[in-house]
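Report on the structure
One letter stands for each residue in the lines below.
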Amino acid sequence: MSSEFQQTNFSHQTWLITGASGFIGSHLMDRLLQSPGIKLIAVDNFDPFYSRQTKESNMAAWKNSPQVTFLELDLREPASYQQLEKYKLNGIVHLAAKAGVRPSIEDPIAYQKSNVEATQYLLELARKLHVRQFVFASSSSVYGVNPAIPWQEKEPLMPISPYASTKLSCEMLGHVYSHLFGIRFIGLRFFTVYGPRQRPDLAIHKFVDQILHEQPIVMFGDGSTSRDYTFVDDIIQGIRAAMVYDQSEYELINLGNHDVIELHKLIAQIEKTLGKKAIINQQPLQAGDVPVTYADISKAKALLGFVPQTSIEQGLTVFYEWYKGQHLIE
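Focus: the overall build of the protein chain
When helices and strands are tallied, the protein chain shows eleven helices and 13 strands. Whereas a compact globule of 330 residues would reach a radius of gyration of roughly 20 Å, the protein chain reaches 19 Å, a difference of no more than 12%. Looking at the 330 residues of the protein chain, the share that counts as buried comes to 54%. In the protein chain, 82% of the contacts between residues at least 6 apart in sequence involve partners at least 24 apart. Looking at the protein chain as shown, the accessible area adds up to about 14600 Å², and 51% of this sits on carbon and sulfur atoms.

What follows is the structure, encoded as structure tokens:
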């Protein structure tokens, strides 16, 4: 990152972090608390998409920190915002969302309420409290099926799942509030984030677990689909840079590794990392899945000084070491 970014001083600032006990949110909390004097209002509703115990483990290092006020709130409920209106906030990082492409196809209304309505309420809170900086976790899924890879932020957007459409809706809400109310809105399009604490339903975590327990892993399609896997530490660098970005009022920025790996090659690399072969159960491609994700990160580099540091080989090794610590594997 740039020297200017490295010298950022969050002392005497107060930030609201939503989804704070989740995978990315808990890593961001850890990193921000290295800034002396910062105050964090951490919010989560412990959505049952995965276990509360896992999320409480994620937040163990900071839940009782004097720098943190933790609030268990449902951001879909207008009454929740009464507890947030008393804080003088320097900014908001909105990571909370109902996650998952495939589950969104089964229950699209729930995704609309959790993702779009909650973001609308948060933007209203920002307007009411005169919050200047709003960083939003968007997704590479907004690009849909687009052969013009690597994807630049100016590409036409063609989402093919309710989850993706909610993220696009939130980006547009951010533009409205930036234009009308002077809120700087930075939408970060994350590309397949992985690393320690990754959600147990996501591919790398699930594959590692199943291979080690000699259970078949489901490979959708022929293994040729590919993803731009981005290590969580790199994503956190990008988020922190976005928190202090002040050169324009509205930006949408890719955060990816600018490298792709096909599914069958990912499985082979996981096998190499674990020293154990996978049992593969091949299934048809799933509705809502896209064949490839691939980030052009030149804008992130230019505006945020973003340069990912972690290869897939390095990241898988770090993930496996964390996994062994969690599961007491020798």
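Don't stop here, the text continues.
A word on unusual backbone geometry
If a residue is not glycine, its phi is most likely negative; likewise, a peptide bond is most likely trans. Note that the residue after isoleucine 149, namely proline 150, is joined by a cis bond; omega there is -5 degrees. Following the sequence through the fold, proline 150 ends up in the loop between strand S5 (133-139) and helix H6 (162-181). Located in the positive-phi region is histidine 12, a residue other than glycine, with phi close to 70 degrees. Residue placement: histidine 12 occurs in the loop between helix H1 (3-6) and strand S1 (14-18).

Focus on the packing of aromatic side chains
The way to describe two aromatic rings as a pair is by their centre distance and the angle between their planes. In the structure shown here, the tally under the stated rule is 15 aromatic pairs. Here the aromatic rings of tyrosine 81 and tyrosine 121 are separated by 5.7 Å at their centres, their planes lie at 50 degrees, and the arrangement is tilted. With a gap of 40 residues between them, tyrosine 81 in the loop between strand S3 (68-72) and strand S4 (91-94) and tyrosine 121 in helix H5 (residues 108-129) connect regions that are remote in the sequence. Residue classification places tyrosine 81 among the buried residues on the basis of a relative accessible area of 5%. With a relative accessible area of 27%, tyrosine 121 lands in the partly exposed category. In textbook terms, an aromatic cluster arises when at least three aromatic residues are bridged by ring pairs, as seen for Phe134, Phe136, Phe185 and Tyr250. Over the face of the ring belonging to tyrosine 320 we find lysine 324, whose NZ or CZ atom lies 4.7 Å from the ring centre.

Focus on the sheet that holds S1
Reading across from one edge, S3-S2-S1-S4-S5-S6-S11 is the order of the seven strands in this open sheet, with parallel pairing throughout. At either margin of the open sheet sits one strand with a lone partner, and together these are S3 and strand S11 (250-255). Going from strand to strand, the sheet's axes swing by 15 degrees on average, the running direction of each strand aside. Pairing analysis gives five bridges linking S1 to strand S2 (residues 39-44), with the strands arranged parallel. Residue threonine 18 lies in a different strand from S2, and its bridge partner there is valine 43.

Thoughts on the nonpolar core
One finds Ile17, Leu188, Phe190 and Ile239 to be the most contacted residues of the largest nonpolar core, which totals 45 residues. Going through the elements one at a time, S1, helix H2 (23-32), S2, S5, strand S6 (184-190), helix H8 (232-244), S11 and helix H10 (298-304) are the ones with two or more residues in this core. The dominant element in this core, judged by the number of residues it contributes, is H8, at seven residues. The residues contacting phenylalanine 190, other than those within four sequence positions of it, are Ile24, Leu95, Ala137, Ser138, Ser139, Ser140, Ile235, Ile239 and Leu255.

Criteria and cut-off values
- Residues numbered from 1 in each chain as written.
- Predicted model: local features only at pLDDT ≥ 70, side-chain atom pairs only at ≥ 80, totals over all residues.
- Heavy atoms only, no water.
- Helix = DSSP H or I, 4+ residues; strand = E, 2+ residues; numbered from the N terminus.
- Rg over C-alpha atoms; globule rule 2.2 N^0.38 Å.
- Buried < 20%, exposed > 50% of the residue type's maximum accessible area, 1.4 Å probe, protein only.
- Contact = heavy atoms within 4.5 Å.
- Areas by Shrake-Rupley, 256 points an atom, 1.4 Å probe, with all protein chains shown as cover.
- Phe/Tyr/Trp six-rings, centres within 6.5 Å; stacked < 30°, edge-to-face > 60°.
- Lys NZ or Arg CZ within 6 Å of the ring centre and 35° of its normal.
- Pairing = 2+ DSSP bridges.
- Axes fitted to C-alpha atoms, helices over the stretch in contact; angles between N-to-C directions.
- Core = buried A, V, L, I, M, F, W, Y, C linked by side-chain atoms within 4.5 Å.

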